[in-house]
Amino acid sequence: MGKRRGRPAAQEGGGENGREAARDGRRPGGRGRRATGERAPRRTVAERLEAGEISRDDAVEKTREVVLRILTAAQKSRRELEQSLARKGYPEDVVVQVLDRFGEVGLVDDATYAETIVRTRHAERGLARRGIAAELRRRGIDEDTAVEALDQLDPDDERAAGARLAAKLVTRTRSLDREVRVRRAVGSLARKGYAPGLAFELVKDALAAEGEETDDLGYAED
């Protein structure tokens, strides 16, 4: 009796079951995509709490631990922490409870955080009031807290910082045409929050201090 040619249909993954398996990426006979090494997404704390896999106390402790890790790396506003924890899948009501407690003990303090931003951005980067205010808004600091923090900036100090920055900016462009120097320096100051008119005035003064002719320069808004 001769040998049968070919392989049994079951081995070939033939038939309707085999075709369906091929279409959705399963091996014939059964195991799904995990057989290829893919892992199911890790369940979030909110999902595990809802499913009863962990208790509320466990969820609170896990949330507390992640907040401490975040704050150890860098100071954050309450709003930044809320957004970060939401992205990570922590339950909103648990987040509120934990952040309320952190606020009570002073570990989350938007007023102190805002004051720190104002000091560092002004002293280290030369940002003007408007530029710092924009950053405070991006970081979720409410308007009243931001205004109070910005009040520590003296207008004379702001102008002095702008003058120092303008001097550095024009120094870097001595080989260029005067109009190009003015345009670049004014643009840089404006991006740091200085009003266009003040930025032009500071740049004009910096050029004059170098001996550059500036009497014919006039400011015109775009």
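Residues numbered from 1 in each chain as written. Predicted model: local features only at pLDDT ≥ 70, side-chain atom pairs only at ≥ 80, totals over all residues. Heavy atoms only, no water.

Side note on the packing of helix 4 (residues 56–73) against helix 6 (residues 92–104)
Put simply, helix 4 and helix 6 touch, their axes get as near as 9 Å, and they point 55° apart. Taken together, the axis directions place helix 4 and helix 6 in an arrangement best described as oblique. The two elements helix 4 and helix 6 meet at a crossing, and its hand is right-handed. Each of R56, A59, V60, T63, R64, V67, L68 and L71 in helix 4 lies in contact with helix 6, whose residues at this interface are D93, V94, V95, Q97, V98, L99 and F102. (Axes fitted to C-alpha atoms, helices over the stretch in contact; angles between N-to-C directions. Helix = DSSP H or I, 4+ residues; strand = E, 2+ residues; numbered from the N terminus. Parallel < 35°, antiparallel > 145°, perpendicular 65-115°, else oblique. Left-handed = near helix turned anticlockwise from the far one by under 90°. Contact = heavy atoms within 4.5 Å.)

Thoughts on the nonpolar core
As a rule of thumb, nonpolar side chains are buried together in soluble globular proteins. V182, L189, Y194 and V203 are the most contacted members of the largest nonpolar core, which totals 18 residues. Those elements giving two or more residues to this core turn out to be helix 10 (155–171), helix 11 (178–191) and helix 12 (196–209). With six residues, the top contributor of residues to this core is helix 12. With 17 residues, the next largest nonpolar core counts L71, L81, V95 and V98 among its residues. (Core = buried A, V, L, I, M, F, W, Y, C linked by side-chain atoms within 4.5 Å. Buried < 20%, exposed > 50% of the residue type's maximum accessible area, 1.4 Å probe, protein only.)

Re the side chain of E135
You can see E135 is positioned in helix 8 (residues 129–138). For E135, the contacting residues outside a window of four places in its chain are I117, R121, R125 and L127.

Section: the packing of helix 4 against helix 5 (residues 78–88)
Interaxial distance between helix 4 and helix 5 falls to 11 Å at its minimum, and their mutual angle equals 125°. What the angle tells us is that helix 4 and helix 5 run oblique. In this structure, the crossing between helix 4 and helix 5 has a hand that is right-handed. Residues T63, V66, V67, I70 and L71 of helix 4 form the contact with helix 5, whose own contacting residues are L81, S84, L85 and K88.

Quick word on the side chain of T214
If you trace the backbone, T214 turns up in the segment after helix 12. When near neighbours in sequence (up to four residues on either side) are disregarded, T214 contacts R178, K204, L207 and A208.

Examining the confidence of the model for the protein
Detailed conclusions should not be drawn from predicted coordinates in areas where pLDDT is low. On average, residues of the protein score 85 in pLDDT, and 80% of them reach the 70 mark or higher. Below a pLDDT of 50 lies the segment residues 7–15, which in the model reaches five contacts outside its immediate sequence neighbourhood of four places, other chains included. Between residues 17–30, whose pLDDT stays under 50, and residues either more than four places distant or in other chains, the model counts eleven contacts. (pLDDT = per-residue confidence, 0-100.)

Looking at helix 11
With 14 residues, helix 11 extends 20 Å between its outermost C-alpha atoms, agreeing within 8% with the 20 Å of an ideal straight helix rising 1.5 Å per residue. Within the sequence span of helix 11, burial applies to R178, R181, V182, A185, V186, S188 and L189. Buried residues of helix 11, viewed axially, fall in a sector of 160°; they line one side. Away from its buried face by more than 90 degrees, helix 11 exposes R183 and R191. Immediately beyond the C-terminal end of helix 11, within one or two residues, lies G193, with a positive phi of roughly 100°. (Expected span 1.5 Å × (residues − 1). Arc of directions from axis to C-beta.)

Examining the environment of D144
As for its position among the elements, D144 is in helix 9 (residues 143–150). With 33 residues separating them along the chain, D144 and A111 place their C-alpha atoms 9.6 Å apart.

Quick notes on a negative patch on the surface
Together, E115, D142, E143, D144 and E148 make up a region of like negative charge exposed at the surface. Residue contributions to the negative patch peak at three residues, all from helix 9. Relative to the elements of secondary structure, E148 occurs in helix 9. (Patch = residues over 30% accessible without salt bridge, like charges linked within 9 Å, V, L, I, M, F, W, Y side chains within 5 Å. Areas by Shrake-Rupley, 256 points an atom, 1.4 Å probe, with all protein chains shown as cover. Salt bridge = Lys/Arg side-chain N within 4 Å of Asp/Glu carboxyl O. Lys, Arg positive; Asp, Glu negative; His and termini not counted. Charge placed at Lys NZ, Arg CZ, Asp CG, Glu CD.)

Side note on a nonpolar patch on the surface
On the surface, L68, V105 and L107 cluster together into a nonpolar patch covering about 240 Å² of accessible area. Take V105: it is sitting in the loop between helix 6 and helix 7 (110–125). Looking at V105, the relative accessible area reads 46%, which means it is partly exposed.

Here's the deal with the pattern of salt bridges
Taken as a whole, this structure holds 17 salt bridges when the rule is applied. Between R48 and E53 there is a salt bridge whose closest N-O contact spans 3.9 Å. On the basis of relative accessible area, R48 is assigned to the partly exposed category, the value being 25%. With a relative accessible area of 47%, E53 lands in the partly exposed category. Note that E82 is salt-bridged to R79, the shortest N-O span being 3.5 Å. Remark: R79 and E82 occur in helix 5; sequence separation between them is three residues, near one turn of the helix. The class for E82 is partly exposed, based on a relative accessible area of 25%. The partly exposed category is assigned to R79, whose relative accessible area is 40%. Put simply, R78, R79, E82 and D100 are held in one network by salt bridges that share partners.

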